[in-house]
Amino acid sequence: MALHRYWRINVTETTSGADHLLSCYEFEMRATVGGADQCSGGTPSASVNSSTAYKLFDNTTATYWVNGGPSVDFWFQYDFGAGNEVTVLELQFVPRYVSQSLKDFQLQYSDNGTDFFTLNSWTEVSGWIGGVEKLFQVPVPPPIVQQWDLPFSLRAMLKKSWDLLYGESLAGTQWSLPYGNPIDLQW
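Described in the following lines is the structure provided in the data block. Keep in mind that this is a model prediction, so the values were computed, not measured. (Residues numbered from 1 in each chain as written. Predicted model: local features only at pLDDT ≥ 70, side-chain atom pairs only at ≥ 80, totals over all residues. Heavy atoms only, no water.)

**Thoughts on the overall build of the chain**
Next up, step 1: Broken down by element type, the chain carries one helix and eleven strands.
Next up, step 2: Starting at the N terminus and ending at the C terminus, the chain contains elements arranged as β-β-β-β-β-β-β-β-β-β-α-β.
Next up, step 3: When the 187 residues of the chain are sorted by exposure, 35% land in the buried category.
Next up, step 4: Taking contacts inside the chain between residues at least 6 apart in sequence as the whole, the part at least 24 apart equals 72%. (Helix = DSSP H or I, 4+ residues; strand = E, 2+ residues; numbered from the N terminus. Buried < 20%, exposed > 50% of the residue type's maximum accessible area, 1.4 Å probe, protein only. Contact = heavy atoms within 4.5 Å.)

**Remarks on the sheet that holds strand 4 (residues 65-66)**
Next up, step 1: The four strands lie next to each other as 4-2-6-9, forming an open sheet whose pairing is antiparallel. Since the sheet does not close on itself, it has two edges, and those belong to strand 4 and strand 9 (134-137), each with one partner.
Next up, step 2: In this sheet, strand 4 lies alongside strand 2 (residues 23-30) in antiparallel orientation, the contact comprising two bridges. Along strand 4, the bridge assignment pairs C24 with W65. (Pairing = 2+ DSSP bridges.)

**Digging into the nonpolar core**
Next up, step 1: Membership of the largest hydrophobic core comes to 29 residues, with the highest contact counts inside it found for I9, F27, M29, F76, L91, F93 and F105.
Next up, step 2: Those elements that place two or more of their residues in this core are strand 1 (6-14), strand 2, strand 5 (74-79), strand 6 (90-95) and strand 7 (102-110).
Next up, step 3: Discounting residues that sit within four places of it in the chain, I9 has contacts with F27, F74, W75, F76, L91, F93, F105, Q106 and L107. (Core = buried A, V, L, I, M, F, W, Y, C linked by side-chain atoms within 4.5 Å.)

**What about the side chain of Q108?**
Next up, step 1: If you trace the backbone, Q108 turns up in strand 7.
Next up, step 2: Engagement of the side chain of Q108 in a polar contact is seen with the side chain of T118, the distance being 3.2 Å.
Next up, step 3: In contact with Q108, not counting residues within four places along its chain, are Y6, W7, R8, N10, F116, F117, T118 and L119. (Polar contact = N/O pair within 3.5 Å; in protein donor to acceptor, adjacent residues only side chain to side chain.)

**Describing unusual backbone geometry**
Next up, step 1: Here H20, not a glycine, exhibits a phi torsion of approximately 60°, which is positive.
Next up, step 2: Its place among the elements puts H20 in the loop between strand 1 and strand 2.
Next up, step 3: For H20, a relative accessible area of 6% puts it in the buried group.
Next up, step 4: In this structure, N49 takes a positive phi of about 50° despite not being glycine.
Next up, step 5: Its place among the elements puts N49 in the loop between strand 3 (43-46) and strand 4.

**Side note on the side chain of E90**
Next up, step 1: With respect to the secondary-structure elements, E90 resides in strand 6.
Next up, step 2: A polar contact is formed between the side chain of E90 and the backbone nitrogen of G34, at a distance of 2.8 Å.
Next up, step 3: Setting aside chain neighbours within four positions, we find E90 in contact with E28, M29, R30, T32, V33, G34, G35, L135, F136, Q137 and V138.

Written as structure tokens, this is what we have:
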């Protein structure tokens, strides 16, 4: 999994319906399933009520964050700081009310705080209980297994470069991998 500085939850629908309310005691991002909360020492923020976004990450159910009920999509995020990039494989939410919980949302990341990319989406989430945590695992993409073969144009370019540098011909050189020897690549 890749490491990134900024991680964001982009909310497109809540269980409150048209008023779009979200009220949450706690939110955690974990590097491993069942692991420890990584949200410490960074900077929380939100597209609405940003001055109280820290309440999502303060590790206590004595405080809570409310978005204020805008009628548009909203987000909250955590900036882990330069040089403190992390990966996220599990999310934990503790909602305040069943009727003001997440329904449709995306986990997004960024390295510059401006350009965000969606890593995973959840839709039609239900079964919330006020004050009780709900965990979400981030699926890890499977490794790519691929048979490699260089295209003719690349083979010709390599042959020409080799001939110019070393004055030797590469005629008859096999530039593809033997069949049946796949390469596992993790992107």
